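# Report on the structure
Each chain, letter by letter, is given below.
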Amino acid sequence: DGGITQSPKYLFRKEGQNVTLSCEQNLNHDAMYWYRQDPGQGLRLIYYSQIVNDFQKGDIAEGYSVSREKKESFPLTVTSAQKNPTAFYLCASSPQGNTQYFGPGTRLTVL
Amino acid sequence: AQSVTQLDSHVSVSEGTPVLLRCNYSSSYSPSLFWYVQHPNKGLQLLLKYTSAATLVKGINGFEAEFKKSETSFHLTKPSAHMSDAAEYFCVVSDRGWSYKLIFGSGTRLLVRP
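Structure report, in brief. Keep in mind that what you see is a predicted model, and the values were worked out from it rather than measured.

### What to know about the state of the cysteines
Inspection of the entire model under this criterion finds two disulfides over all chains. Note that Cys23 of chain A is cross-linked by a disulfide to Cys91 of chain A, the S-S spacing being 1.9 Å. One quick way to see it: the torsion about the S-S bond of Cys23 of chain A and Cys91 of chain A is about -70 degrees, and its sign makes the bridge left-handed. Highlighted residues: Cys23 of chain A in strand β3 (residues 19-25) and Cys91 of chain A in strand β9 (residues 87-94), separated in sequence by 68 residues. Of the two residues, Cys23 of chain A and Cys91 of chain A, both sit in the buried class. Disulfide pairing places Cys23 of chain B opposite Cys91 of chain B at an S-S distance of 2.0 Å. Judged by the sign of its S-S torsion, about -70 degrees, the bond between Cys23 of chain B and Cys91 of chain B is left-handed. Of the two residues, Cys23 of chain B sits in strand β4 (residues 23-26) while Cys91 of chain B sits in strand β10 (residues 87-94), which places them 68 residues apart along the sequence. Taken individually, Cys23 of chain B and Cys91 of chain B each receive the classification buried, so the pair is uniform in this respect.

This is the structure in structure tokens:
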């Protein structure tokens, strides 16, 4: 069963903690992306990766970090430097070409 | 630079009546355009995409959109709304650069009344 999975579905973070959101795909897509969605707004790009071991900052990368050690995986770490991390986080992937397919999302809440 | 404007933040229709969600775009290139749908607390699902082939694009669940270059529009329509169509809809334009960056509109929430 092919697709994109994100875990956990819900995540709670205390002030000053780093947390890592998981994104895995078995679609054999080369590119992967992380987006942030705030209520009533469209999606904003955090980081993207075109190939393994390479990634670029998007529009709102401050306070976030990523790695791309495997083609299938693109984890996102929300660091304590991100001052307002409460949001819905969406991972996407795409083959060669520009159609992106999205995972189910992770909702992060700061306590 | 690319941009996209969704002209209505909320649209309300009765079940069985037509749906029209409006989108205007700005692009320096021949754009790729998409419509995605998002149900509450879910990821985005691709409804349809335009990539410079036919100007009338048919998508899933009875939706279609027409690319009008002269009007820089890419409106989404459906002849008859169903209760299950109630969701948030995003119009998206792609940057034709190597990064394939997507530019999202702010979304239109579709309400379907019984």
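Don't stop here, the text continues.
### Some points on the interface of chain B and chain A
In this complex, chain B contributes 21 residues to the contact, which on the side of chain A involves 23 residues. Summed over both sides, the interface of chain B with chain A buries roughly 1,800 Å², with 53% coming from carbon and sulfur. Considering only the side of chain B, the residues that lose the most area to chain A are Asn41, Tyr100 and Phe104 of chain B, jointly responsible for 29% of the buried surface there. Remark: the boundary between chain B and chain A carries zero salt bridges. Of all the secondary-structure elements, those providing two or more residues to the side of chain B that touches chain A are β5 (33-38), β6 (44-50), β10 and β11 (102-104) of chain B. Among the residues making up the side of chain B that touches chain A, the classes are represented as nine nonpolar, eight polar and four charged.

### Concerning the packing of aromatic side chains
Two aromatic rings are characterised by how far apart their centres lie and by the angle between their planes. By the definition in use, this model includes 14 aromatic pairs over all chains. Between Tyr33 of chain A and Tyr35 of chain A, the aromatic rings sit 6.4 Å apart at their centres with planes inclined by 25 degrees, giving stacked as the arrangement. Tyr35 of chain A carries the same exposure label as Tyr33 of chain A, and that label is buried. Where Phe63 of chain B meets Tyr89 of chain B, the ring centres are 5.6 Å apart and the plane angle is 45 degrees; that geometry is what we call tilted. Of this pair, Phe63 of chain B sits in the loop between β7 (56-58) and β8 (64-68) while Tyr89 of chain B sits in strand β10; the two residues are 26 residues apart in sequence, bridging distant segments of the chain. The class of Phe63 of chain B is buried, set by a relative accessible area of 2%. One aromatic cluster is present, built from ring pairs that chain together Tyr33, Tyr35, Tyr48 and Phe102 of chain A together with Phe34, Tyr36, Phe90 and Phe104 of chain B. The ring of Phe74 of chain A carries Arg68 of chain A above its face, with NZ or CZ at 6.0 Å from the centroid.

### Here's the deal with the side chain of Gln37 of chain A
Relative to the elements of secondary structure, Gln37 of chain A occurs in strand β4 (residues 31-37). Among the polar contacts listed, one links the side chain of Gln37 of chain A to the side chain of Gln38 of chain B, at a separation of 2.9 Å. Beyond its immediate sequence surroundings of up to four residues, Gln37 of chain A is in contact with Gly42, Leu43, Ala87, Phe88 and Leu90 of chain A together with Gln38 and Phe90 of chain B.

### As for the pairing of strand β6 (residues 54-57) of chain A
All names here are of chain A. Strand direction decides the pairing type here: strand β5 (residues 43-51) and β6, joined by three bridges, are antiparallel. Along β6, the bridge assignment pairs Ile51 with Asp54. Linking β5 back to β6 in an antiparallel pair, the connection comprises two residues, with Asn53 at a positive phi of about 65 degrees.

### What about the layout of surface pockets?
In this structure, the largest pocket spans a volume of roughly 340 Å³. As for the largest pocket, its lining consists of 19 residues, of which Gln37 and Gly40 of chain A together with Gln38, Glu88 and Arg109 of chain B are closest to the centre. Those elements that place two or more of their residues in the lining of the largest pocket are β9 of chain A together with β10 of chain B. Class assignment of the residues belonging to the lining of the largest pocket gives a composition of five nonpolar, 10 polar and four charged. Of the pockets and cavities examined, the second largest pocket occupies roughly 190 Å³. In terms of residues, the lining of the second largest pocket owes the most to one element, β6 of chain B, which gives three residues.

What counts, and at which threshold
- Residues numbered from 1 in each chain as written.
- Chains lettered and ligands numbered in written order.
- Predicted model: local features only at pLDDT ≥ 70, side-chain atom pairs only at ≥ 80, totals over all residues.
- Heavy atoms only, no water.
- Disulfide = S-S within 2.5 Å.
- Helix = DSSP H or I, 4+ residues; strand = E, 2+ residues; numbered from the N terminus.
- Buried < 20%, exposed > 50% of the residue type's maximum accessible area, 1.4 Å probe, protein only.
- Contact = heavy atoms within 4.5 Å.
- Buried area = accessible area lost by both parts, 1.4 Å probe.
- Salt bridge = Lys/Arg side-chain N within 4 Å of Asp/Glu carboxyl O.
- Nonpolar A, V, L, I, M, F, W, Y, C, P; charged D, E, K, R; others polar.
- Phe/Tyr/Trp six-rings, centres within 6.5 Å; stacked < 30°, edge-to-face > 60°.
- Lys NZ or Arg CZ within 6 Å of the ring centre and 35° of its normal.
- Polar contact = N/O pair within 3.5 Å; in protein donor to acceptor, adjacent residues only side chain to side chain.
- Pairing = 2+ DSSP bridges.
- 1 Å grid on protein atoms, 1.4 Å probe; cavity = no way out; pocket = protein on both sides within 12 Å on 5 of 7 lines; lining within 4 Å.
- Points joined across faces, edges and corners; volume = space filled by probe spheres on them.

By themselves, these observations are geometric and do not establish any function.
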